[in-house]
Amino acid sequence: MTLFFQNLVNGVLLGGLYVCIAIGFSLIWGVLNIINLLHGSIIVLGSYIAFYAFTYFGISPFLAPLFVIPIMFGLGYVLQLGVLNRVVDQPVLITMTLTFGLDLILNNAMLYAFTADYRRIVFSTPFENIEFLGLIIPMDRVLAMGLALLLTLIFYLLLRMSRTGRAIVAVRNDRDAAVLMGVNVKNIYAVTFGIGSAFAAAAGCLLAIVFPISPAASIIYVGKAFVICVLGGLGSIGGAMIGGLALGVIESMGVMVAGPEHSVLIAFLLLLLILVVKPTGLVGKRGYE
Amino acid sequence: MSSVTPPLRISSHVPSRRALAVFGILAIIVLLLPVVLDNYYLRLMTTVMMYCVLAWSWNFIGGFVGYPSFGIAAFFGLGAYAGAILLSSKIIPFWLSPVVGATVCFVAAVVVGLPILRLRGHYFAVASFGIAEVFREIAMSWTDLTGGGMGINLPPQKPLFGTDAMTFYYMMFILAGVTFLTTLMVARSRLGVAFRCIRQNEAAANMIGVDATRSKIIAFAFASAFPGAAGAIYASWVGYIDATDAFDILISIKAPVMALLGGVGTVFGPAVGAVVYLVFEELVTRNFLKFHAGMLGIIVVVIILFLPTGVLSLVRQRKEKMS
């Protein structure tokens, strides 16, 4: 029974990070109708920035999102404005192939620049594990998850409270009506992609605290983002949260039953199952509220 | 869903006699080439023909029917493993391996297609990606059958035509020929009309009596059987396969990129795209060893941004301007 609860705790802690991976992906998919295969590489890029900032300047990865977010927002904004906006109305085949091409470029560039070696952030004073009711709770994961949920809250408030956020939601719900209300759609697309990239990279900073960093992880992150969006239903932060936590818990439990080498298989089988049984997701509903 | 190619006239899908004659002459030249080619070019031409098979195959589901599949690697890998397992345990003769690869993949495609072809657009694309991942994971973990991470070594085979290199050349040639003829027959048949109806408007196609589910499954099965055969030949050709190589995600992306390069949903387009793409790839691999995938990415981006209807459409545009 302790093993069960231990895996539950592990799953929830993992799930918190997964939420952060998925919100940007879900936003871009929902608003731009683009499956952003570049997402995983942007996450990894965020991890590398956090790693090098820590290694060379001693900046804690917990603070890295402060400068990673503006940098990656700028990059995403420019990319959408210059490249992706040209095909944003095209069918899936075109948009998905394009983001795949961009991913090949960024991923290979990272492989070239940072090599395929796994990097790891090693703190001078390692975090302690707290024991609670017989369960082991790793503090680094707790802090990373807390920060992930804080970022998710900021993301929510950004869409909910800011003028630009409302414009993004308006474009998502009815693009033509948004245009009539004076929204500059091309600009909103670019802002949306910028936000999506910024939060992906911020998630990368948090992942760098817990996991080793390698360009090879990017495809796995994209896969997880897919699964979370499908699990929770596309297009709401609540959906991404439920999907992320659910995936974290399911993976932990699946690993307990089937062994750690099958975690990817479990995620994808789950994906196919949900797609076939209930393509709108477990709590599918439309629109960012 | 809007389609990639401009609004179609049915006639544009049935190639003219002149085009077919030119293609036939080219095929005869390709048939005779091994007499003059050295092994390097023989290998290159075999790869060209394999790419033609992949691009034509993808074209059934992605081009004619308009379902954006990113799962060709699943069936390429499945065919490769089917061939490798049966050949290394000496159950079937060498020449039968592509047939077996195709059959296994045809059946698998029908089984997998039934659920995932109910999905559309992004969801179908994601699911097709997922199939390849699941197959790869299974191949990785089913160690008794597939050798797991160790992969499978294939026994050397007695060449069927002249040398080893010529054998694989002609096997791919025959497969490419069969794939092309199937493409041509489909483009000319009622089935082809059904495919194009589904692409333009699936609900309307159902209304006028097209059995959309059946047609989609047939297209998906074609799009899987030929890569399965190609995978089986590939396995013997390279002599060793493992899961990362056989289910390489790049295969899934190359097929649509080649079709886009030549012209999606056309008869000759995928082959033209395959040739042009391989020339790019060969130049890139030779000159950018460490930035190989990145250069391919740049090629993909350039194609999508500047040539989304394929190189053949450029030729056609020029013709129209001139006339």
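Residues numbered from 1 in each chain as written. Chains lettered and ligands numbered in written order. Predicted model: local features only at pLDDT ≥ 70, side-chain atom pairs only at ≥ 80, totals over all residues.

Novice: Tell me about the overall build of chain A, residues and numbers included.
Specialist: From N to C terminus, chain A includes 11 helices and two strands. The order of helices and strands in chain A, counted from the N terminus, is α-α-α-α-β-β-α-α-α-α-α-α-α. The C-alpha atoms of chain A give 19 Å as radius of gyration, which agrees with the globular expectation for 289 residues (19 Å, within 12%). When the backbone C-alpha atoms are referred to their principal axes, chain A occupies close to 60 × 45 × 35 Å. (Helix = DSSP H or I, 4+ residues; strand = E, 2+ residues; numbered from the N terminus. Rg over C-alpha atoms; globule rule 2.2 N^0.38 Å.)

Novice: If you had to explain the overall build of chain B to someone new, which residues and values would you point to?
Specialist: A count of helical and extended segments in chain B gives 15 helices and two strands. Relative to the globule expectation of 20 Å for 323 residues, the C-alpha radius of gyration of chain B, 19 Å, shows essentially globular dimensions. Its C-alpha atoms give chain B principal-axis dimensions of about 55 × 45 × 35 Å. When each of the 323 residues of chain B is scored for burial, the buried share is 51%. Of the contacts formed within chain B by residues at least 6 apart in sequence, a portion of 79% connects residues at least 24 apart. (Buried ≥ 20, exposed ≤ 12 C-beta atoms within 10 Å, placed from the backbone. Contact = placed C-beta atoms within 7 Å.)

Novice: Could you give an account of the pairing of strand β2 (residues 135-138) of chain A, naming the residues involved and the relevant values?
Specialist: Residues and elements named next belong to chain A. With four bridges joining them, strand β1 (residues 129-132) and β2 adopt antiparallel strand pairing. From the neighbouring strand, Asn129 faces β2, where its bridge partner is Pro138. Counted along the chain from β1 to the antiparallel partner β2, the turn is two residues long, and its residue Leu133 has a positive phi close to 55°. (Pairing = 2+ DSSP bridges.)

Novice: Account for the nonpolar core, with residues named and values stated.
Specialist: In this structure, Leu17, Cys20 and Ala203 of chain A together with Ala55 of chain B are the most contacted members of the largest nonpolar core, which totals 211 residues. Looking at which element gives the most residues to this core, the answer is helix α8 (residues 185-210) of chain A, with 17 residues. Sequence-distant contacts of Cys20 of chain A, defined by excluding residues within four places in its chain, comprise Ala148, Leu151, Thr152, Phe199, Ala202, Ala203 and Leu206 of chain A. (Core = buried A, V, L, I, M, F, W, Y, C linked by C-beta atoms within 7 Å.)

Novice: Residues and numbers for unusual backbone geometry, please.
Specialist: Backbone geometry places Asn33 of chain A, a non-glycine residue, at a positive phi of 60°. Relative to the assigned elements, Asn33 of chain A resides in the loop between α1 (2-32) and α2 (39-57). For Asn33 of chain A, a count of 17 C-beta atoms within 10 Å gives the class partly exposed. The residue Lys90 of chain B is not glycine, and still its phi comes out positive at about 55°.

Novice: Before we move on, could you go through helix α6 (residues 163-173) of chain A and cite the residues and values that matter?
Specialist: In an α-helix there are 3.6 residues to a turn, and that puts residues three or four apart on one side. Every buried residue belonging to α6 of chain A is among Ala167, Ile168, Ala170, Val171 and Arg172 of chain A, and all of these are buried. Looking at the packing, one finds that the buried side of α6 of chain A touches α1, α5 (139-161), α7 (175-180) and α8 of chain A.

Novice: Just give me the short version of the interface of chain A and chain B, but keep the residues and values in it.
Specialist: Contact residues are listed per partner, giving 31 residues for chain A and 36 residues for chain B. Of all the secondary-structure elements, those providing two or more residues to the side of chain A that touches chain B are α4 (92-114), α9 (218-232) and α11 (263-277) of chain A. For the side of chain A that touches chain B, the element with the highest residue contribution is α4 of chain A, accounting for 14 residues.

Novice: Could you give an account of the packing of helix α3 (residues 72-88) of chain B against helix α10 (residues 212-238) of chain B, naming the residues involved and the relevant values?
Specialist: All names here are of chain B. Between α3 and α10, whose axes approach to 6 Å, the crossing angle comes to 45°. The angle between α3 and α10 places the two elements in the oblique class. Two packed elements cross with a definite hand, and for α3 against α10 that hand is right-handed. On α10, the residues that touch Ile72, Phe75, Phe76, Gly77, Leu78, Gly79, Ala80, Ala82, Gly83, Ala84 and Leu87 of α3 are Ser224, Pro227, Gly228, Ala229, Ala230, Gly231, Ala232, Tyr234, Ala235 and Ser236. Taken together, the residues that form the contact of α3 with α10 break down as 14 nonpolar, seven polar and no charged. (Axes fitted to C-alpha atoms, helices over the stretch in contact; angles between N-to-C directions. Parallel < 35°, antiparallel > 145°, perpendicular 65-115°, else oblique. Left-handed = near helix turned anticlockwise from the far one by under 90°. Nonpolar A, V, L, I, M, F, W, Y, C, P; charged D, E, K, R; others polar.)

Novice: Describe the environment of Val178 of chain B, listing the residues and the values that go with them.
Specialist: Residues and elements named next belong to chain B. Positionally, Val178 belongs in helix α7 (residues 164-188). For Val178, a count of 17 C-beta atoms within 10 Å puts it in the partly exposed group. For the pair Val178 and Phe226, spaced 48 residues apart in sequence, the C-alpha separation works out to 8.8 Å.

Novice: Describe the confidence of the model for chain B, and please don't skip the residues or the numbers.
Specialist: Residue and element names in this part refer to chain B. With 91% of its residues at a pLDDT of 70 or more, chain B has an overall mean of 85. For chain B, the element scoring lowest by mean pLDDT is helix α15 (residues 311-322), at 64; α10 scores highest, at 93. In this model, residues 5-12 is a region of pLDDT below 50 whose contacts with residues beyond four sequence positions or in other chains number six contacts. The ipTM for the predicted assembly is 0.82, set against a pTM of 0.85. (pLDDT = per-residue confidence, 0-100.)

Novice: Please set out the packing of helix α2 (residues 39-64) of chain B against α10 of chain B residue by residue, giving values where relevant.
Specialist: Residue and element names in this part refer to chain B. Running from N to C, α2 and α10 cross one another at 165°; their axes reach a closest spacing of 8 Å. By the criterion of interaxial angle, the relationship of α2 to α10 is roughly antiparallel. The element α2 and its partner α10 pack so that their crossing is left-handed. Together, Met50, Val53, Leu54, Trp56, Ser57, Trp58, Phe60, Ile61 and Phe64 of α2 and Ala219, Phe220, Phe222, Ala223, Phe226, Pro227, Ala230 and Tyr234 of α10 make up the contact between the two elements. Classifying every residue of the contact of α2 with α10 gives 16 nonpolar, one polar and no charged.

Novice: Which residues make up the environment of Pro65 of chain A, and what values do they have?
Specialist: By the secondary structure assignment, Pro65 of chain A is in helix α3 (residues 65-82). Pro65 of chain A sits 101 residues away from Arg166 of chain A along the chain, and the two C-alpha atoms are 24 Å apart.

Novice: Lay out the confidence of the model for chain A with the relevant residues and their values.
Specialist: Mean pLDDT for chain A: 84, with 95% of residues reaching 70 or above. Contacts from residues 285-289 of chain A, a stretch scored under 50 in pLDDT, to residues over four places away or in other chains number 15 contacts.

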